[in-house]
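These are the residues of each chain, in order.
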Amino acid sequence: VQLVESGGGLVQPGGSLRLSCAASGFTFRSYAMNWYRSQAPGKERELVATITSAGGITNYADSVKGRFTISRDNAKNTVYLQMNSLKLEDTAVYFCNFRNSYYNYWGQGTQVTVSS
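Residues numbered from 1 in each chain as written. Predicted model: local features only at pLDDT ≥ 70, side-chain atom pairs only at ≥ 80, totals over all residues. Heavy atoms only, no water.

1. A word on the pairing of strand β8 (residues 78-83)
Alright, step 1. Along β8, five of the six residues are buried, which leaves the element largely enclosed by surrounding structure.
Alright, step 2. One ladder, built from six bridges, connects strand β3 (residues 17-24) with β8; its direction is antiparallel. Pairing of R18 across the sheet is with Q82, part of β8.
Alright, step 3. Sheet topology places strand β7 (residues 68-73) next to β8; six bridges connect them, and they run antiparallel. Looking at the pairing, I70 lines up with L81 of β8.
Alright, step 4. Taking the residues that link successive antiparallel strands as the turn, the β7-β8 hairpin has four residues, and the phi of N77 there is positive, at about 55 degrees. (Buried < 20%, exposed > 50% of the residue type's maximum accessible area, 1.4 Å probe, protein only. Helix = DSSP H or I, 4+ residues; strand = E, 2+ residues; numbered from the N terminus. Pairing = 2+ DSSP bridges.)

As structure tokens, this is what we get:
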């Protein structure tokens, strides 16, 4: 199993970024996918957004609702996180995640820094 995030970077407040997570090694279309973030080393990861396997249902943390959009392309084995109206407090390492009956899988993370 491999989850590879990309798309992070430095952006000004109010700006936008789109994160991608390319998945391989499992039947992507069968699993819900999640985006988490960690805002400081050692701080518990916060669940940001989830999407069901077919993409029909999404859920968001209150802190990002209305600004972030999770989506997926099952033909490309990729899940996305569109982040708009970014705030300073969105600065974090963002992680792609899914879990099966046996294990909780994580990508390596991608850094998002919101700064003026």
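Here the narrative resumes, following the displayed structure.
2. Focus on the sheet that holds β7
Alright, step 1. On the basis of which strands lie adjacent, the open sheet formed by four strands has the order β1-β3-β8-β7 and antiparallel pairing. Two strands lie at the open edges of the sheet, namely β1 (2-6) and β7, each paired on one side alone. Each strand axis lies, on average, 15 degrees off the axis of its neighbour in the sheet, ignoring direction.
Alright, step 2. The pairing of β1 with β3 spans five bridges and is classified as antiparallel. Of the residues in β3, the one forming a bridge with V4 is A22. (Axes fitted to C-alpha atoms, helices over the stretch in contact; angles between N-to-C directions.)

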